Amino acid sequence: MEKLSRALSAAMLILFMLLFGLGLLLGVCRPHHLSYPTAFVGGIVLLGLFVLWQRRHGKAPSLWQKLGERRSLALLLALCFLLNLAWVLSFRLEPTVDFATFWSTARALAGEDVAMLKEYVALFPHILGYSAFLSLFLRLFGSGPLVAPVLNVCLTTLSGYSLFRLMRRWRGLDAAAFVLLLWALFPSKLLYNTMVLSEPWYTCLLLGFLCLVSELEARPFSPAAAAILGVLAGFLLRLVNAARPIAAVPILALLIWLLLLRTERGLEARRRWAGFVALLLAVYLATGPLWTGFARRVLEEEPAPVPGYSLYVGMNMDSMGSYSEEDMALLSHYRYDFPDSSAVKAQQQMLAEARARFHDPDTRLAPLFFVKLRTFLGNDEGGAYYSLAGLSGRAYSLLALYSNVWYYALGLLALWGASVLLHSGERRCLLLAPLYVIGLTLAQLLVEVAARYHYSIIPMLLLLAGFACTGQTEEAMRS
């Protein structure tokens, strides 16, 4: 079993490197769009500077070691909060399209006299998940234009704290500080913070879930205490799924790691993990009907349980799996043009259309999947794109290029970190990070794709990139 576990862990890491590396390569290799290879060269330059810095300062005590863990964490969290706050205070955006729907739904839930697009939200009930969370803060602070951006800054800072704690345990103080510093400065995340969107919320929840798993792995909890952690984990994943229906990805990643990749096989460990998983699944499944009941009361109809429209768009050869006006028009036809129409029926009809499109001889899956992989992982200019209304043409081009330089540098660092894990035979729960990237990427190849949807992958790449940091990590690696 030990040899099989080691082989499967290595195979998973190789799959991650091939899949993510191919996504980067497809994004860079665009001869008619020179900004992408230019940004990749910039990423290589950043990586080279990082290597030179490590070689020059790798053996000397770092600034973080001199400051100590608490002061380093406080300093970096303050930097993360203040830098992102400065941006959202200086750059304002009016919510449009999907962001406007989130905003109007949250305001209606907060009790304001604002029309909620109930028939539309019932088609996409994940809109309600983030909007319900945001509405809690609108009730407290009103519906000023800065409430959502400042909330995003707070969530970003909390995510930074989780990244630091995870990396401190897995790799040491230098790597933890390095990862939190990169997260604080990462440009696309900073740009997204000005918008009304769910990504900062569910990404923060996912990192909280990782922290719970890491705690259980690191400490000898009793089965009862492990079960309590399972309850918390199940609740976090239900909140994730309410905001974005992707909770199946971390659940499957956890099961794969526990059953196939983990090394600890003692009786006490099995009891802890069994209790944790049992309560996680019980809470996650039990809260599903509760959430659906809440949505039903708010929307005054049954929310659609199946994303038929997203699957239909995902098979569109004309738009190559991205948003299509024609596909939205077809969904609107099924939703609004029949006397007995409902969100459930409309999405079921779109699911039937998706099956037909999948079996259509004109649907060529191989080229479709390659283009969707490029769209999903090939660049990180989404933050600049959605900020376009507030930017000049030159500012947009520079921000898009700058975002891609950072993204490509991070991607190379993540591949480097994955190779370190591969050679060290790593099998701790940090393997959930590459498992999540693989799972979300494969799922995205089936449904509607957009570059923004890889937001939650950025922290996973940062966790892997931390293993490219060669500071004093021996103690962390032994733990």
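Not measured: the values here are computed from a predicted model.

## Section: the nonpolar core
And then number 1: Leu-254, Trp-257 and Phe-276 are the most contacted members of the largest nonpolar core, which has 155 residues in total.
And then number 2: Apart from residues no more than four positions distant in its own chain, Trp-257 is found in contact with Val-213, Glu-217, Arg-262, Trp-273, Arg-427, Arg-428, Cys-429, Leu-431, Leu-432 and Leu-435.

## A few points about the packing of helix H13 (residues 248-261) against helix H14 (residues 267-299)
And then number 1: Between H13 and H14, the least distance of the axes is 12 Å, while the angle of their chain directions is 160 degrees. It follows from the interaxial angle that H13 and H14 lie roughly antiparallel. Along this stretch, H13 crosses H14, giving a crossing that reads as left-handed. Here Ile-251, Leu-254, Leu-255, Trp-257 and Leu-258 of H13 come into contact with H14, specifically with Trp-273, Phe-276, Val-277, Leu-280, Leu-281 and Tyr-284.

## Topic: the packing of aromatic side chains
And then number 1: In total, this model carries 21 aromatic pairs according to the counting rule given.
And then number 2: Ring geometry for Phe-16 and Phe-20: centres 5.8 Å apart, planes at 5 degrees, overall stacked. With Phe-16 and Phe-20 both in helix H1 (residues 2-28), this residue pair falls four residues apart, about one helical turn.
And then number 3: Residue Phe-20 is classed as buried on the basis of its relative accessible area, which comes to 1%.

## Details of unusual backbone geometry
And then number 1: Although it is not a glycine, Glu-300 adopts a positive phi angle of roughly 65 degrees.
And then number 2: Here Glu-300 falls in the exposed class, since its relative accessible area comes to 63%.
And then number 3: Its identity as a non-glycine residue notwithstanding, Met-320 has a phi of 55 degrees, on the positive side.
And then number 4: Note on placement: Met-320 falls in the loop between helix H15 (308-314) and helix H16 (325-336).

## Focus on the side chain of Ser-9
And then number 1: For Ser-9, the location among the structural elements is in helix H1.
And then number 2: Only 2.9 Å separates the side chain of Ser-9 from the backbone oxygen of Ser-5, close enough to count as a polar contact.
And then number 3: Dropping the residues within four chain positions of it, Ser-9 is found in contact with Leu-261, Glu-426, Arg-427 and Leu-431.

## Points about helix H21 (residues 432-444)
And then number 1: The end-to-end C-alpha distance of H21, which contains 13 residues, comes to 18 Å, matching closely the 18 Å that a straight helix rising 1.5 Å per residue would cover.
And then number 2: Most of H21 sits out of view: ten of its 13 residues are buried.
And then number 3: Elements in contact with the buried residues of H21: H1, helix H11 (199-218), H13, helix H18 (365-377) and helix H22 (457-465).

## Some remarks on the environment of Ala-100
And then number 1: Its location among the elements puts Ala-100 in helix H5 (residues 97-109).
And then number 2: Spatially, the C-alpha atom of Ala-100 lies 23 Å from that of Ser-342, the residues being 242 residues apart in sequence.

## Comments concerning the confidence of the model for the protein chain
And then number 1: When pLDDT is averaged across the protein chain, the result is 93; 97% of the residues are at 70 or more.
And then number 2: Low pLDDT, under 50, characterises residues 474-479; the predicted model gives this stretch twelve contacts beyond four residues in sequence or across chains.

## Concerning helix H7 (residues 126-141)
Residues three or four positions apart in an α-helix share a direction because the helix packs 3.6 residues into each turn.
And then number 1: For H7, built from 16 residues, the straight-helix expectation of 22 Å at 1.5 Å per residue is met to within 8% by its first-to-last C-alpha distance of 23 Å.
And then number 2: Remark: the principal bend of H7, roughly 25 degrees, maps to Ala-132.
And then number 3: Among all positions in H7, only His-126, Ile-127, Leu-128, Gly-129, Tyr-130, Ser-131, Ala-132, Phe-133, Leu-134, Ser-135 and Leu-138 are buried.
And then number 4: Following H7 by one or two positions, Gly-142 has its phi on the positive side, about 85 degrees.

Rules used in this analysis
- Note on numbering: residues in each chain are counted from 1, in written sequence order.
- For this predicted model, a pLDDT threshold of at least 70 governs which residues receive local features, and a threshold of 80 or more governs which side-chain atom pairs are given and counted, while totals over whole chains, interfaces and linings are taken from all residues.
- Where side-chain values are given, they derive from all heavy atoms of the structure, hydrogens and water being excluded.
- What we call a nonpolar core is a set of buried Ala, Val, Leu, Ile, Met, Phe, Trp, Tyr and Cys residues that are connected through their side-chain atoms within 4.5 Å.
- Buried residues are those whose accessible area, probed at 1.4 Å on protein chains only, stays under 20% of the maximum for their type, while exposed residues exceed 50% and partly exposed ones sit between those limits.
- Whether two residues are in contact is decided by their heavy atoms, any of which lying within 4.5 Å being enough.
- Lines are fitted to the C-alpha atoms to define the axes, a helix being fitted only along its stretch in contact, and any angle between axes, read from their N-to-C directions, falls within 0 to 180 degrees.
- Labels follow the DSSP assignment, with helices taken as runs of H or I lasting at least four residues and strands as runs of E lasting at least two, numbered in each case from the N terminus.
- The scheme is simple: roughly parallel for angles under 35 degrees, roughly antiparallel for over 145, roughly perpendicular for 65 to 115, oblique for anything else.
- Should the near helix be turned counterclockwise from the far one by less than a right angle, the crossing is left-handed, whereas a clockwise turn marks it as right-handed.
- Geometry of aromatic contacts follows a simple scheme: Phe, Tyr and Trp rings, the Trp one being its six-membered ring, pair when their centres are within 6.5 Å, and the pair is stacked under 30 degrees between planes, edge-to-face over 60, tilted otherwise.
- Polar contact is the term for a pair of N or O atoms within 3.5 Å; when the atoms are in protein, one must be able to donate a hydrogen and the other to accept it, and sequence-neighboring residues count only if both atoms are side-chain atoms.
- For a helix, the expected span equals 1.5 Å multiplied by the residue count minus one.
- A score from 0 to 100, pLDDT tells how confident the predictor is in each residue.
- Two axes enter the bend calculation: one fitted to the seven residues ending at the residue in question, the other to the seven starting there, and the bend is the angle between them.

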